[in-house]
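# Residue-level structural notes
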Amino acid sequence: MAAGIWAAAGAAPARAAADAPAATRLYVSAEDGGEVVVVDPEKGEVVARIAVGKRPRGIKLSKDGKTLYVALSGSPRGGPGVDESKLPPPDRTADGVGVVDLSTHKLVKTLPSGQDPESFDLSRDGKTMYVSNEETAEMSVLDLHTGKVTHRVPVGKEPEGVTVRPDGKVVYVTSEEENQVVAVDTRSLKVLARIAVGPRPRSIAFTRDGKTAFASSENGALLTVVDVAKNAPDGTIKVEPKAKTVLGPRPMGLAFSPDGKELYVSNGRGESVAVVDVAARKVARLYDGVGARPWGIGVSRDGKWIFTANGPSGDVSVVDAATGKIEKRIKIGGLPWGLVVGP
């Protein structure tokens, strides 16, 4: 991060600009704003706002980095303390996956996705998308070439996190309501296993070798370790609070360090990020005061910075991965949800 930027903000000089990854951009879905916000983390500023549609949440880059996909939903936003009987009716015409051309920063089309898409992942060849449909307890399979949904696979109730195994042969979907991760064969689209995990699982991430997975449990303040060969739980990692918050750690998003040795966990309303030592299977550090409900999380390509999308505080945090120092809070508004790091 450029020292002059921090000085202008009244902070102590930070690392030299040469330490920051060159030309990094953060792409953040703003659920209430109906847009993807493009952020320059080095300058600490918004460089573009891309209108995409209603309730953008899950967000990913294409394999070649030229296209951004974002899940859009016409279902009204609920959440803790909301009386859903008083919400307006859903707009099913708004459901879909937005396709953004990053060379022009424009939405070029919206693909079908099934009802109320929340998250998704791409096949290894980038030709197929697997989408969680929260309200219908399904995973939709979208052919990106034809733009058509080819299959719908029943999974658990309130599916959310979707991650393809590193070998591409199996896709895993978390079920918030049934406290399980469902493993689906990507060729036959048959359910291979239903893996019991901690309460309200949000995300799942795999080690580079594909042998171990970690599922975040929002209501359990823990991660479930999954033995991928057996498709079975293989222990838990408890996230213990340091600072006092109303709810304590609420594990949500997951992102590995570039070397795969650490796993960063956004803790939602616990307002923190946990740093997990992957080999030791324990929390090595906990960084408090990151923001209000950090959810989307990413890591710079050099591994020096952690980035979080903080919903209620409407900002993005830039966190020193080694020390936990909050180097910058970048205001973007619109209830930030998902976050990806790109060039």
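Counting starts from 1 at the beginning of each chain's written sequence and moves along it residue by residue. Per-residue local features of the predicted model are confined to residues with pLDDT of at least 70, and side-chain atom pairs are confined, for both listing and counting, to 80 or more; whole-chain, interface and lining totals are unaffected and use all residues. Side-chain measures were taken over the full set of non-hydrogen atoms in the model, leaving aside hydrogen atoms and water.

## Thoughts on the layout of surface pockets
Note the cut-off: Here the term cavity refers to a set of points on a 1 Å grid, laid over the protein atoms alone, in which a 1.4 Å probe fits but cannot get out; the term pocket refers to an open set having protein on both sides within 12 Å along at least five of seven lines, with lining residues being those that place an atom within 4 Å of a point. Grid points are joined across faces, edges and corners, and a volume is the space filled by probe spheres set on the points. The helix count covers DSSP runs of H or I at least four residues long, the strand count covers runs of E at least two residues long, and both are numbered beginning at the N terminus. Classes in brief: Ala, Val, Leu, Ile, Met, Phe, Trp, Tyr, Cys and Pro nonpolar; Asp, Glu, Lys and Arg charged; the others, Gly included, polar.
Here the largest pocket is characterised by a volume of approximately 1,400 Å³. Lining the largest pocket are 46 residues, with Lys60, Asp121, Leu254, Ala255 and Val340 sitting closest to its centre. Here the element with the most residues in the lining of the largest pocket is strand β28 (residues 336-342); it accounts for six residues. Its residues assigned to classes, the lining of the largest pocket comprises 23 nonpolar, 15 polar and eight charged.

## Observations regarding the confidence of the model for the protein chain
What counts is decided by this rule: Per residue, pLDDT captures the predictor's confidence, and it can take any value from 0 to 100. In what follows, residue pairs with any heavy atoms lying within 4.5 Å of each other are defined as contacts.
Looking at the protein chain as a whole, its pLDDT mean stands at 92, while 91% of the residues score no less than 70. Scored below 50 in pLDDT, residues 1-22 makes 39 contacts in the model with residues more than four places away or belonging to other chains.

## Remarks on the nonpolar core
Nonpolar side chains in soluble globular proteins tend to end up buried together. Quick reminder of the rule: As used in this record, nonpolar core signifies buried Ala, Val, Leu, Ile, Met, Phe, Trp, Tyr and Cys residues forming a set joined through side-chain atoms within 4.5 Å. Think of it in three bands: residues with accessible area under 20% of the maximum for their type are buried, residues over 50% are exposed, and the middle band is partly exposed, with areas taken using a 1.4 Å probe on protein chains only.
With 14 residues, the main nonpolar core has Tyr27, Val36, Val52, Ile59 and Leu68 as its most contacted residues. Taken together, the elements giving at least two residues each to this core come down to β2 (35-40), β3 (45-51), β4 (59-61) and β5 (67-72). Take this core: its biggest share by element is three residues, from β5. Beyond its immediate stretch of four places on either side in the chain, Val52 contacts Gly34, Glu35, Val36, Val70, Leu72, Val100 and Leu107.

## Some points on the side chain of Thr24
This is how the line gets drawn: In protein, a polar contact means a hydrogen-donor-capable atom and an acceptor-capable atom, both N or O and within 3.5 Å, with residues adjacent in sequence counting only if both atoms are side-chain atoms; elsewhere, any N or O pair within 3.5 Å suffices.
Positionally, Thr24 belongs in the loop between α1 (3-8) and β1 (25-30). At 3.4 Å, the side chain of Thr24 and the side chain of Arg301 are in polar contact. Beyond its immediate sequence surroundings of up to four residues, Thr24 is in contact with Val39, Asp40, Pro41, Arg301, Val341 and Gly342.

## Describing the sheet that holds strand β17 (residues 212-217)
Pairing between sheet strands relies on hydrogen bonds along the backbone, with the strands arranged either parallel or antiparallel. For the record, the criterion: If DSSP finds at least two bridges between two strands, the strands pair. Here the axes come from fitting lines to C-alpha atoms, over the contacting stretch only for helices, and the angles between their N-to-C directions go from 0 to 180 degrees.
Read from one edge to the other, the open sheet built from four strands follows the order β16-β17-β18-β19, with strand pairing classed as antiparallel. For this open sheet the edge positions go to β16 (201-206) and β19 (232-238), each flanked by a neighbour on one side alone. Across the sheet, the mean angle from the axis of one strand to that of its neighbour is 25 degrees, orientation sign disregarded. Bridge count for β16 against β17 is four bridges, and the pairing is antiparallel. For Pro201, the partnering residue across the bridge sits in β17 and is Ser217.

## Focus: the pattern of salt bridges
Threshold: We define a salt bridge as a side-chain nitrogen of Lys or Arg found within 4 Å of a carboxyl oxygen belonging to Asp or Glu.
On inspection of all chains with the given rule, the structure shows 22 salt bridges. When the shortest N-O distance is used, the salt bridge between Lys54 and Asp91 registers 2.8 Å. With Lys54 in the loop between β3 and β4 and Asp91 in the loop between β5 and β6 (96-101), the pair connects residues that are 37 residues apart, well separated along the chain. For Arg202, the salt bridge identified is with Glu160, shortest N-O distance 2.4 Å. Taken together, the positions of Arg202 in strand β16 and Glu160 in strand β12 (residues 159-164) put the pair 42 residues apart, joining distant regions of the chain. An identical accessibility class is assigned to Arg202 and Glu160; each is buried. One continuous salt-bridge network, built from bridges that share partners, spans Glu158, Glu160, Glu176, Arg200, Arg202, Glu218 and Arg250.

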